[in-house]
Amino acid sequence: VQLITVRLKAREECYEIKIGEGLLSSLGHEARACLGPKARRVAVVSNPTVFGLFEKHAGQSLQAAGFTVRPWLMPDGERYKSLRTLGRLLSFLSDAGFERSDAIVALGGGVVGDLAGFAAATYMRGVALINGPTTLLAQIDASVGGKTGVNTPSGKNLVGAFHQPRLVLIDTSTLSTLPRRELTSGWCEAVKQGAIGSRTLFDQTCEFLSSIDFSLWSKEGATQTEVYATQLAEIIAAHCRFKASMVVRDEKEDVARADHCSRRILNFGHTVAHALETVTNYRRFRHGEAVGYGMLVAGDISKSLGILAASELELLRAAVRLCGRLPRADDIELSEIVRALARDKKVVEGTIKWVLLERIGRARIVDGREIDPRVLRSSLRAGLQRLS
Ligand SMILES: NC(=O)c1ccc[n+]([C@@H]2O[C@H](COP(=O)([O-])OP(=O)(O)OC[C@H]3O[C@@H](n4cnc5c(N)ncnc54)[C@H](O)[C@@H]3O)[C@@H](O)[C@H]2O)c1
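The rules behind these values
One numbering rule holds for all chains: residues counted from 1, following each sequence as written. Where local features are concerned, this predicted model is filtered to residues with pLDDT of at least 70; where side-chain atom pairs are given and counted, the filter is 80 or more; whole-chain, interface and lining totals use all residues. Based on all heavy atoms of the structure, the side-chain values leave hydrogens and waters out of the count. Between N-to-C directions, angles cover 0 to 180 degrees, with each direction set by a line fitted to C-alpha atoms, over the stretch in contact for helices. Per the convention used, a helix needs a DSSP run of H or I reaching at least four residues, while a strand needs a run of E reaching at least two, with both numbered from the N terminus. Note that the term roughly parallel is reserved for angles under 35 degrees, roughly antiparallel for angles over 145, roughly perpendicular for angles of 65 to 115, and oblique for everything else. Whether two residues touch is decided by their heavy atoms; if any such pair falls within 4.5 Å, the residues are in contact. In this classification, Asp, Glu, Lys and Arg are treated as charged, Ala, Val, Leu, Ile, Met, Phe, Trp, Tyr, Cys and Pro as nonpolar, and every other residue, Gly included, as polar. Two strands are counted as paired when DSSP detects at least two bridges linking them. Throughout this document, a residue counts as near a molecule or strand when at least one of its heavy atoms sits within 4 Å of that molecule or strand. In the analysis that follows, any N or O atom pair within 3.5 Å is treated as a polar contact, provided that within protein one partner can donate a hydrogen and the other can accept it, and provided that, for residues neighboring in sequence, both atoms belong to side chains. For accessible areas, the Shrake-Rupley method is used with a probe of radius 1.4 Å. Any residue's cover is judged against the shown protein chains and nothing else. Burial classification: accessible surface area is computed with a 1.4 Å probe over protein chains only, and a residue below 20% of its type maximum counts as buried, one above 50% as exposed, and the rest as partly exposed. The span expected for a helix works out to 1.5 Å for each residue beyond the first. In this description, the arc belongs to the directions extending from the helix axis to the C-beta atoms. A crossover counts as right-handed when, viewed with the strands pointing away from the observer, the path leading from the first strand over the helix to the second turns clockwise. Think of a salt bridge as a Lys or Arg side-chain nitrogen and an Asp or Glu carboxyl oxygen that are within 4 Å of each other. Nonpolar cores were defined as sets of buried Ala, Val, Leu, Ile, Met, Phe, Trp, Tyr and Cys residues, with membership established by side-chain atoms within 4.5 Å.

**Q** Would you mind going over the packing of helix 10 (residues 287-304) against helix 11 (residues 310-322) with me for this structure?
**A** Helix packing geometry: the angle between the two helix axes and the distance between the axes. One way to put it is that helix 10 packs onto helix 11 with a least axis distance of 10 Å and a crossing angle of 175°. Taken together, the axis directions place helix 10 and helix 11 in an arrangement best described as roughly antiparallel. Every residue of helix 11 that contacts helix 10 at G292, M295, L296, G299, D300 and K303 is listed here: A310, L313, L316, R317 and V320. Of the residues in the contact of helix 10 with helix 11, the class split is six nonpolar, two polar and three charged.

**Q** What should I look at first to understand the environment of C188 in this one?
**A** Tracing the sequence through the fold places C188 in helix 6 (residues 180-197). In this structure, the C-alpha to C-alpha distance between C188 and G269, residues 81 residues apart in sequence, is 9.9 Å. With residues up to four places along the chain from it excluded, the contact list for C188 reads G288, E289, G292, M295, C323 and L326.

**Q** Looking at this structure, I do not really get the sheet that holds strand 2 (residues 13-20). What am I missing?
**A** The strands that make up a sheet are held in pairs by hydrogen bonds between backbone atoms, and each pair lies either parallel or antiparallel. Read from one edge of the open sheet, seven strands run 1-2-9-6-5-3-4, paired in mixed fashion. The open sheet terminates on both sides in strands that have one partner only, identified here as strand 1 (2-8) and strand 4 (68-73). Across the sheet, the axes of successive neighbouring strands diverge by a mean angle of 20°, strand direction being ignored. Packing against the sheet, helix 3 (residues 83-95) makes contact with strand 3 (41-46), strand 4 and strand 5 (103-108), and its axis sits at approximately 160° to strand 4. Of the strands in this sheet, strand 1, strand 2 and strand 9 (167-171) touch helix 8 (residues 229-249), which is tilted by about 5° from strand 1.

**Q** Would you explain the site of the ligand in this entry?
**A** Taken together, the neighbourhood of the ligand is formed by 27 residues, with E78, K81, T134, T135 and T177 sitting nearest. Within the side chain of D76, one N or O atom sits 2.8 Å away from an oxygen atom of the ligand. At 2.8 Å, a side-chain N or O of T134 approaches a nitrogen atom of the ligand. Calculation on the ligand without its partners gives an accessible area of 870 Å², and the protein chains cover 89% of this total. Going through the elements one at a time, helix 2 (48-64), helix 4 (110-122), helix 5 (136-142) and strand 8 (155-162) are the ones with two or more residues in the shell around the ligand.

**Q** What is the right way to read the environment of N131 from this model?
**A** Along the chain, N131 falls in strand 6 (residues 128-133). Owing to a relative accessible area of 7%, N131 belongs among the buried residues under this scheme. Separated by 24 residues in the primary sequence, N131 and L107 have C-alpha atoms spaced 6.7 Å apart.

**Q** How should I be thinking about helix 3 in this particular structure?
**A** End to end, helix 3 covers 18 Å across 13 residues, agreeing with the expected 18 Å (1.5 Å per residue, within 8%). Those residues of helix 3 lying buried are T85, L86, L89, F92 and L93. The buried residues of helix 3 occupy an angular sector of 120° when the element is viewed end-on, so they sit on one face. Along helix 3, the residues that are exposed and aim more than 90 degrees away from the buried face are R84 and D95. Looking at the buried side of helix 3, the elements it contacts are strand 3, strand 4, strand 5, helix 4 and strand 7 (147-152). Looking one or two places after helix 3, you find G97, whose phi comes out positive at around 75°.

**Q** Explanation requested: the pairing of strand 3 in the structure shown.
**A** The element strand 3 is extensively covered by neighbouring structure, given that six of its six residues are classed as buried. Burial along strand 3 is two-sided: the face carrying R41, A43 and V45 and the face carrying V42, V44 and S46 are both buried. Tracing the backbone out of strand 3, into helix 2 and back to the parallel element strand 4 gives a crossover that is right-handed. As defined by bridge partners, strand 3 adjoins strand 5 across four bridges and the pair is classed as parallel. Along strand 5, the bridge assignment pairs V45 with A106.

**Q** How should I be thinking about the pattern of salt bridges in this particular structure?
**A** Side-chain pairs of opposite charge can arise whenever the charged atoms involved come near each other. All told, the structure shown has 23 salt bridges when counted by the stated rule. Each of R40, R41, E99 and D102 takes part in salt bridges that share partners, so that together they form one network.

**Q** Please explain the side chain of R263 as it appears in this structure.
**A** Of note, R263 is situated in the loop between helix 8 and helix 9 (270-279). Here R263 falls in the buried class, since its relative accessible area comes to 2%. Excluding its chain neighbours within four sequence positions, the residues that come into contact with R263 are G145, K147, F162, K243, M246, V247, D250, E251 and E253.

**Q** Just to check I follow, could you spell out the nonpolar core for this structure?
**A** Nonpolar side chains tend to gather and get buried jointly when the protein is soluble and globular. Of all hydrophobic cores here, the largest spans 84 residues; its most connected members are I17, W187, I236, L316 and I337. A total of eleven residues in this core trace back to one element, the largest contributor, which is helix 8. For I17, the contacting residues outside a window of four places in its chain are Q2, L3, I4, V6, V144, V168, I170 and C240.

Following this line, the structure appears as structure tokens:
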């Protein structure tokens, strides 16, 4: 088991991230250890897909530790990460008489985690949250850092709160049922974390990716992952350590910061990714897949501005290729993407703040006014090309 302790400087708080195979069976014991003897009830927030797969391990373990378990399932899908679903969950908690000493367990991907986390942040002004992420993206990214929230008709993640979990329990064996595209999406985010975080993390990720036999994953999931168990836990731990280090340095994403340690650099690849998702009505790409292309466009802009060497961009391209096949993007009208970019919520005071690269392992935030529209178009063209 890999163990990471996250210490938040601003408050004297800390929590643990535990990573290993089969950890869901010790959820009850771990929850009891961090919640203490007073906690009586836990609401297990999940969706039918995930709950059907892991209910047994999680539920039995919680019961064995003396908790009364109340499952609450939301429909599967990003569009249910909404205020309406949140309202239903909050009503459930109050109707069931949940108290401040009780807790919420989020069992699922980033959608479940964000919604359950926001409910935990707001119900009775805050109850304990335990994250049990079951997608790669949620394990290396969404479950660490305390960002919670929901989408509104005006945009993604527009309403939310910072609410740190009390424990993050990552059971790597849950990834064996993950559909291949979800896996690719998660690996793209991993490449992103390496690209902005450190050359070591980037190389470690690429090395692991080169060793994966993606053919083991069908549309429904993998048939065997045992061979990867140890390495998988190690690479996930490395990414959690990186994410936690970013959070500790800039817990609430200070808007005034634009240095290379600002939490904002986690948005590398996201400016173009959001535009791609918008112009394809969120139907063509999984989020991480769009980030894969977004990184290549941002990388190409960085090269055109003379801040990134061509050889580094090639490394980035090779890394994205290792994540698995991406849906094509070279048939999307460039002017539509440019229009969507201009509307993005990350536009600050009228300009986009681009996260670019100086080298693998070091990001730089650049004001959109410094990027010639012709450079943007040619980088879009280059970055959105099909990856062989
Ligand atoms: N809070 C943060 O810091 C943060 C960071 C990144 C992303 N996010 C959010 O995360 C969300 C995306 O998360 P996601 O990519 O995990 O998507 P998701 O939660 O929609 O999960 C993807 C799909 O996989 C299924 N699934 C989950 N675990 C499974 C398993 N083990 N086996 C089989 N199927 C499984 C889900 O039911 C779903 O259909 C977005 O809403 C995004 O905004 C939040």
